[in-house]
Amino acid sequence: MDFKKIIIVGGGPAGLAAAIEANRCGIAPKDILILERDRELGGILNQCIHAGFGLHMFGEELTGPEYAGRFIDEVRARGIGYLCDAMVLSISAEREVAFVSPTEGFCRVKAGAIVLAMGCRERTRGALNIAGSRPAGIYSAGTAQRYVNINGYLPGKRVVILGSGDIGLIMARRMTLEGAKVLRVCELMPYSGGLPRNIAQCLDDFDIPLYLSHTVTGIHGKERLEGVTVAKVDDDRRPIPGTEEYIECDTLLLSVGLLPENELTKEAGIVLDRITGGAQVDQSMQTSMPGVFACGNVLHVHDLVDFVTKEAYRAGASAARFTAEGAAPAGKMLPTAGKSGVRYVMPQKLDANGTLDTDTALFFRVDNIYRDKYVVLSVDGVEVIRTKKRFLEPGQMETVKLNDTAIAAIRAGSAVTVSLE
Amino acid sequence: MSTVIRKTCIVCPLGCHLEAELADDGQILLVRGNTCRRGESYMRDELTDPRRTLTTTVRLVGAENDAYLPVKTDGTIPKGRLFEAMKVLSGITVTAPVVRGDVICEDFLGEGVNLVAGKTVEASSCG
């Protein structure tokens, strides 16, 4: 059986950065293999033609293809191995990766370490249970984005968008520029899940109204979508009778959340986090299966690709270390948990014997909008870090960086919590 | 009497809530709410000459897979001319190979702003 020191599943921003960092850490480029199921590297960035990527990494605003292009160029310049059109079918505890490709056929390759970088996919209509018929004209926002930006097709002319996540907002502008009429954006929650600047430059610029606390309750049309019923919802997000309104449209875009794509991870028996939908990892990004690491949107959904890149560097470095040193002896693992307003904490566990320095950070999301709160990190109930935050919202990933006090407490302690006060 | 105009800053993902105080004659008296200098100049431009970077695609021929090329303006253009720009660009076809950063159309609106390629695409090997 063929052997590669590191196999990376997915050639998007996470996979590319993990490969580059593994090479920087001394793994020869020919000992690294990126397996990408699409026909080219770059992942979803290829269809994100709008600007706004790279402010943290490069200090400038790049488009998605430009951001991906810089990493693709570097992977090529370093001579790192990659195979496109390659679909990974399974990974095993022995780190055997099975995949198919039109040029290579069915292959099994043994890996010294594996990095999971499969990204995420969109929630679909099925996950929402909207009543009505099943006509053509209903797309997830990302699918419509691919049709418009990659294939050059405009999926419809009169558009309603459900969900005010960033992809939905970006598509409202994109379809308007391409000649469609975007009638409105409906958001179930009383606040938008997208960035404020996207509301300004994607909706306000084109006079597209945003209806907060509204949802789609009915879908009409037989062959093609003819209209949707929209209703206002109450505080418990239930439609309020009497507020229904019929809107004639031929297209409904859904921008209602992203789900880490973890079928491979699940089948391999790796422990997942119920809230993030991604693997449980320690601070080296190692999953419950030794030598298997995860990073990017397959681990938890990020707001900014820059943070995906940084997380992937960490995973790539850890994978390189694993191939050199082998599995570290099982040390004390401290579980991390979110409390009072903190929905999840990643990493889900901290290895007390592993690397813990002031670059180590805990990432978390809150469950509601909060103002003027303290983020408190405690070890065994004793507060070690307290930071004031003026504004916290579910759409914004937050971080707590460890300091020396926290590190000493973690090395001696048994459980870590992050909470709001 | 002065009027207050509110806008969300689009310069970076922070999205600061900007406020400008205008005198009766429309003169900008004060900008606040910004956390950097770019925010203030954005608000001043927004009130006098709002401008945007345009990102879109143009037709591409001669490539293996790609039928469209992502492009962007290398500076901002007046917000009111976005649709005009889209119309101009709908008539453009680029031939592969193309390198990220290549100028596709020089000064295509007479605003001193060029259209540049956002992606490197090689020519098809079968010609």
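Not measured: the values here are computed from a predicted model.

1. A closer look at the environment of A:Thr358
All names here are of chain A.
Then step 1. As for its placement among the helices and strands, Thr358 is situated in the loop between strand E22 (349–351) and strand E23 (361–366).
Then step 2. For the pair Thr358 and Gly395, spaced 37 residues apart in the sequence, the C-alpha separation amounts to 25 Å.
Then step 3. Every residue in contact with Thr358, bar those within four places of it in the chain, is listed here: Lys401, Leu402, Asn403, Asp404 and Ile407.

2. Observations regarding the side chain of A:Arg174
Then step 1. Looking at the element boundaries, A:Arg174 is found in helix H5 (residues 166–177).
Then step 2. A distance of 3.1 Å separates the side chain of A:Arg174 from the side chain of B:Thr56, its partner in a polar contact.
Then step 3. Those residues within four positions of A:Arg174 in sequence are excluded, and the remaining contacts are A:Ile49, A:Val148, A:Asn149, B:Thr55, B:Thr56, B:Thr57 and B:Met86.

3. Concerning the domain arrangement of chain A
Then step 1. Each assigned domain of chain A is listed here: domain 1 (1–121 + 258–328), domain 2 (124–256) and domain 3 (330–421).
Then step 2. One C-alpha centre belongs to domain 2 of chain A, the other to domain 3 of chain A; they are set 36 Å apart.

4. Notes on the packing of helix H1 (residues 13–24) of chain A against helix H8 (residues 305–325) of chain A
Residues and elements named next belong to chain A.
Then step 1. The N-to-C vectors of H1 and H8 enclose an angle of 40°; their axes lie 7 Å apart at closest approach. Comparing their axes, H8 and H1 come out oblique. Regarding H1 and H8, the two cross each other, and that crossing is right-handed. In this structure, H1 uses Pro13, Ala14, Ala17, Ala18, Glu21, Ala22 and Arg24 to contact H8, whose residues at the interface are Val305, Val308, Thr309, Ala312, Tyr313, Gly316, Ala317 and Ala320.
Then step 2. Among the residues making up the contact of H1 with H8, the classes are represented as eleven nonpolar, two polar and two charged.

5. Remarks on the interface of chain B and chain A
Then step 1. The interface of chain B with chain A comprises 26 residues on the first partner and 30 residues on the second.
Then step 2. Summing both sides of the interface, chain B and chain A together bury roughly 2400 Å²; the carbon and sulfur share of this comes to 56%.
Then step 3. It is B:Pro13, B:Thr55 and B:Arg100 that lose the most area in chain B upon contact with chain A, and together they represent 24% of the buried surface on that side.
Then step 4. Connecting chain B to chain A are five salt bridges.
Then step 5. Close ionic contact of A:Glu40 with B:Lys119 constitutes a salt bridge, the shortest N to O distance being 2.8 Å.
Then step 6. Across the chain B-chain A interface, the total number found is nine residue pairs in polar contact (both at pLDDT 80 or more).

6. Digging into the nonpolar core
All names here are of chain A.
Then step 1. Ile6, Ile8, Leu35, Phe99, Val115 and Leu116 are the most contacted members of the largest nonpolar core, which has 69 residues in total.
Then step 2. Two domains each donate at least three residues to this core, and these are domain 1 (1–121 + 258–328) and domain 3 (330–421).
Then step 3. For Ile6, the residues in contact, after removing those within four places along its chain, are Ala22, Ile27, Asp31, Ile32, Leu33, Ala113, Val115, Ala319, Ala320 and Thr323.
Then step 4. Membership of the second largest hydrophobic core comes to 43 residues, among which are Ala172, Cys202, Ile208 and Leu253.

7. Describing a nonpolar patch on the surface
Then step 1. Taken together, the side chains of A:Met87, A:Leu89, A:Val100 and A:Phe106 present a nonpolar region at the surface, about 340 Å² in accessible area.
Then step 2. Within the secondary structure, A:Phe106 sits in strand E8 (residues 105–116).

8. Structural notes on H8(A)
Then step 1. Relative to the 30 Å expected for 21 residues at 1.5 Å per residue, H8(A) spans 30 Å between its end C-alpha atoms, a close match to the ideal helical length.
Then step 2. One or two residues past the end of H8(A) sits A:Gly326, with phi positive at roughly 75°.

9. Focus: the pairing of strand E2 (residues 17–22) of chain B
Residues and elements named next belong to chain B.
Then step 1. In E2, alternate side chains face the same way, and those of Leu18, Ala20 and Leu22 are buried while those of His17, Glu19 and Glu21 on the opposite face are not.
Then step 2. Where strand E1 (residues 3–8) lies against E2, six bridges are found, and the strand directions are antiparallel. Residue Arg6 lies in a different strand from E2, and its bridge partner there is Glu19.
Then step 3. Judged from the four bridges that link them, E2 and strand E3 (residues 28–32) form a sheet pairing that is antiparallel. Looking at the pairing, Glu19 lines up with Arg32 of E3.

Cut-offs and rules
Residues numbered from 1 in each chain as written. Chains lettered and ligands numbered in written order. Predicted model: local features only at pLDDT ≥ 70, side-chain atom pairs only at ≥ 80, totals over all residues. Heavy atoms only, no water. Helix = DSSP H or I, 4+ residues; strand = E, 2+ residues; numbered from the N terminus. Contact = heavy atoms within 4.5 Å. Polar contact = N/O pair within 3.5 Å; in protein donor to acceptor, adjacent residues only side chain to side chain. Domains from an automatic or database assignment. Axes fitted to C-alpha atoms, helices over the stretch in contact; angles between N-to-C directions. Parallel < 35°, antiparallel > 145°, perpendicular 65-115°, else oblique. Left-handed = near helix turned anticlockwise from the far one by under 90°. Nonpolar A, V, L, I, M, F, W, Y, C, P; charged D, E, K, R; others polar. Buried area = accessible area lost by both parts, 1.4 Å probe. Salt bridge = Lys/Arg side-chain N within 4 Å of Asp/Glu carboxyl O. Core = buried A, V, L, I, M, F, W, Y, C linked by side-chain atoms within 4.5 Å. Buried < 20%, exposed > 50% of the residue type's maximum accessible area, 1.4 Å probe, protein only. Patch = residues over 30% accessible without salt bridge, like charges linked within 9 Å, V, L, I, M, F, W, Y side chains within 5 Å. Areas by Shrake-Rupley, 256 points an atom, 1.4 Å probe, with all protein chains shown as cover. Expected span 1.5 Å × (residues − 1). Pairing = 2+ DSSP bridges.

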